[in-house]
Amino acid sequence: MHPSPAPGAPAAPRRDDGPRRSWTDPVLGTSPRTLARVAGLLYLVIFVCALFSELVVRQRLIEPGDAAATAEAIAGSEGLFRVGFLADLVAFSADVATGILIYVLLRPVSRTLALLATGFRLVQSAVLAMNLLNQLMAIVILDDAADLSAFDQGQIDDLVLLSMNAHTYGYLIALVFFAFHLLIIGYLVWRSGFLPRTLGALLALAGVGYLVDSLMFFLIPGYEGAASPLVLAPAIVAEAGLILWLLIKGVDVQRWRELSEARSAPPTADAPIPAGTR
């Protein structure tokens, strides 16, 4: 315990806590607005690469239920197939960096929830990266067909289609983790005050869409994604909206600074922590 000052003694000088806390990242030395724009740029890379790999490569080459046609298409467009693999690899690498930057941006709202959201996103990235082995195996099987003398051509084609089907289900598993990531960051964006509440609601709705779509594939026998375009439509709007907002507007630096300083400083009677930081 500290002794009380004697009556009439001059008050002890207030301790100098040093210079006012900076609102730049202590490691990168950049403002939250710059970090937001870097996150937006990385998210754009993810968006473009993932759409290219899915729409231009897989949907063009894979014929559901037709192993021979799928194997022939992949063998005839091996270069395109490998570029699609590389595009996914770039997207998933960028996804790791994006998850960390989103954590930095949203930790003033709730460090615990921002960390939880990042954990879900990193698990998604790891599952997606490992799942690329299924896609790669399709082309490996075709390239090494001469060494698979125990299999006839029809069986080799079946193995190729099976690899791509496994890739599809691996992607759906990863999207369950991504769904929880979006639900959490949607809530954090809604509470933040430095990003639009509408964007937070859309992100949470996108999370619900991803979760429902994946569970329908797992729980409904023979389901082939009939409702996927309707269920996932909010996800396209939400993620595109987040990319554009981060790139063009960034974040409200003043509000971000207020939350960050309120969280780093101990609460006092005359300076309560803003509601958005609890």
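A quick note: this is a predicted structure, and the numbers were derived from the prediction, not measured.

Colleague: Go over the overall build of the protein with me, naming the residues and quoting the values.
Modeller: When you go through the protein residue by residue, the secondary structure sums to 8 helices and 0 strands. Its helices and strands taken in sequence order, the protein reads α-α-α-α-α-α-α-α from the N to the C terminus. Residues counted as buried form 40% of the 278 residues belonging to the protein. Long-range pairs, those at least 24 residues apart, make up 76% of the contacts in the protein with a sequence separation of at least 6. Surface summary for the protein: the accessible area is close to 15,000 Å², and the carbon and sulfur share equals 67%.

Colleague: Give a description of the confidence of the model for the protein that names residues and reports values.
Modeller: On average, residues of the protein carry a pLDDT of 85, and 84% of them reach 70 or more. Below a pLDDT of 50 lies the segment residues 11–23, which in the model reaches 10 contacts outside its immediate sequence neighbourhood of four places, other chains included. Predicted confidence is poor over residues 269–273, with pLDDT under 50, and the contacts of this stretch with residues over four places away or in other chains come to 3 contacts.

Colleague: Can you explain helix H6 (residues 197–219)? Please cite residues and give values.
Modeller: Since the α-helix advances by 3.6 residues per turn, residues separated by three or four positions end up pointing in the same direction. Taking 1.5 Å per residue as the helical rise, H6 with its 23 residues ought to reach 33 Å, and the 33 Å between its terminal C-alpha atoms agrees with that figure. Where H6 is concerned, the buried positions are Leu 199, Gly 200, Leu 203, Ala 206, Gly 207, Gly 209, Tyr 210, Leu 211, Asp 213, Ser 214, Met 216 and Phe 217. Residues of H6 that are buried sit in contact with helix H5 (153–192) and helix H7 (228–248).

Colleague: Tell me what's going on with empty space enclosed by the protein, and back it up with residues and numbers.
Modeller: In the structure shown here, the tally under the stated rule is 1 cavity of 30 Å³ or more. Computed from the structure, the largest cavity encloses a volume of approximately 70 Å³. Lining the largest cavity, in full, are Ile 102, Leu 105, Leu 106, Ile 185, Val 189, Leu 195, Leu 242 and Leu 246. Mapped onto the lining of the largest cavity, the elements with two or more residues apiece are helix H3 (78–106), H5 and H7. It is H3 that contributes the most residues to the lining of the largest cavity, 3 residues altogether. Of the residues in the lining of the largest cavity, the class split is 8 nonpolar, no polar and no charged.

Reading the values: rules and limits
Residues numbered from 1 in each chain as written. Predicted model: local features only at pLDDT ≥ 70, side-chain atom pairs only at ≥ 80, totals over all residues. Heavy atoms only, no water. Helix = DSSP H or I, 4+ residues; strand = E, 2+ residues; numbered from the N terminus. Buried < 20%, exposed > 50% of the residue type's maximum accessible area, 1.4 Å probe, protein only. Contact = heavy atoms within 4.5 Å. Areas by Shrake-Rupley, 256 points an atom, 1.4 Å probe, with all protein chains shown as cover. pLDDT = per-residue confidence, 0-100. Expected span 1.5 Å × (residues − 1). 1 Å grid on protein atoms, 1.4 Å probe; cavity = no way out; pocket = protein on both sides within 12 Å on 5 of 7 lines; lining within 4 Å. Points joined across faces, edges and corners; volume = space filled by probe spheres on them. Nonpolar A, V, L, I, M, F, W, Y, C, P; charged D, E, K, R; others polar.

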